[in-house]
Amino acid sequence: MERGREEGMETLPISKAFTLLEPGPVILVATHDGHKDNVMTISWTMVLDFSASFAITTGPWNYSYAALENTRECVIALPTVDLIDTIVGIGTCSGKDTDKFATFGLTRVPANHVRAPLIGECLANIECRVVDIVERHNIIVLAGVAAYYDKARKEKKTIHAVGDGTFIVDGRRINRREMMRSKLPEGL
Ligand SMILES: Cc1cc2nc3c(=O)[nH]c(=O)nc-3n(C[C@H](O)[C@H](O)[C@H](O)COP(=O)(O)O)c2cc1C
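Quick caveat: nothing in here was measured; it's all calculated off a predicted structure.

Residues Leu12, Leu20 and Leu21 make up a contiguous nonpolar surface patch of about 340 Å² in total accessible area. Along the chain, Leu12 turns up in the segment before strand E1 (27–32).

Here you go:
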């Protein structure tokens, strides 16, 4: 008998293991390639440190990639659960043949440091520069240069992609600030 069975551990196909490590919130990545704006959906993200380093996973099969590679800049926009169909819609068509800002009725807000626009409908936006591309793993490393948060926005729940077409919505927030004090950067 396979190990673990007796303890109630059913075998899970290894191809599904990644769905257990639920990533951070689904984000939108806006780019400007010198001619037009575009936006894509990304669920594979990673925070690299406390300053403002992030990584996203994408590659040349997406239209956005050339803009990321050539302009070395983008905007990370944080959509909330009320935008779920927009988020999935943006991630299931391509800027190659679709003006996604028009199709999904997104409001462009000019950014301060990059040519890609901020997205008015989103809860938060981060202007980023591309600082590294790890081609072997399709990882793009970003440095955040400016961030904006819409405090007045009523809906603040972000969504998390499981990876099988289902999503988890933020739940209640639990406070363990005191326990974690020694691990938190100053001012947080
Ligand atoms: C929920 C969701 C999450 C996605 N996450 C990623 C991702 O992490 N990396 C990626 O390369 N594509 C991801 N995609 C697919 C791209 O968003 C999709 O290929 C999109 O059409 C690319 O747009 P573009 O061709 O205009 O760049 C995701 C799509 C959806 C719907």
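Okay, the sheet that holds strand E8 (residues 124–134) next. Across the sheet, seven strands lie side by side as E2-E1-E5-E8-E9-E4-E3; this open sheet has antiparallel pairing. Among the strands making up the open sheet, the edge pair consists of strand E2 (37–42) and strand E3 (45–47). The sheet shows a mean angle of 30° between the axes of neighbouring strands, taken without regard to direction. Across three bridges, E1 lies against strand E5 (residues 73–78) in antiparallel orientation. The residue of E5 that forms the bridge with Ala30 is Val75.

Here we take up unusual backbone geometry. Most peptide bonds adopt trans geometry, and most residues besides glycine take a negative phi value. Its identity is not glycine, yet Arg72 carries a phi of approximately 55°, on the positive side. With respect to the helices and strands, the residue Arg72 is situated in the loop between helix H1 (64–71) and E5. The phi torsion at Asn138 lies on the positive side, around 55°, for a residue other than glycine. Turning to its location among the elements, Asn138 is positioned in the loop between E8 and strand E9 (139–149).

Reading the values: rules and limits
- Starting afresh in each chain, residues are numbered from 1 along the sequence in its written order.
- Restriction of local features to residues with pLDDT of at least 70 applies here, the model being predicted, together with a cutoff of 80 or more for giving and counting side-chain atom pairs; totals for whole chains, interfaces and linings are based on all residues.
- Note that the side-chain values use all heavy atoms of the structure and ignore hydrogens as well as water.
- In this scheme, patches are assembled from residues that exceed 30% relative accessible area and form no salt bridge. Like charges are connected within 9 Å, while nonpolar side chains (Val, Leu, Ile, Met, Phe, Trp, Tyr) are connected within 5 Å.
- Per-residue accessibility takes into account occlusion by the displayed protein chains alone, with areas from the Shrake-Rupley method and a 1.4 Å probe.
- Salt bridge, as applied in this entry: a Lys or Arg side-chain nitrogen positioned within 4 Å of an Asp or Glu carboxyl oxygen.
- Secondary structure elements follow DSSP: runs of H or I no shorter than four residues count as helices, runs of E no shorter than two count as strands, and numbering proceeds from the N terminus.
- Only when DSSP finds a minimum of two bridges between them are two strands counted as paired.
- Angular values range over 0 to 180 degrees, each being the angle between N-to-C directions of two axes fitted as lines to C-alpha atoms, with helices fitted over their stretch in contact.

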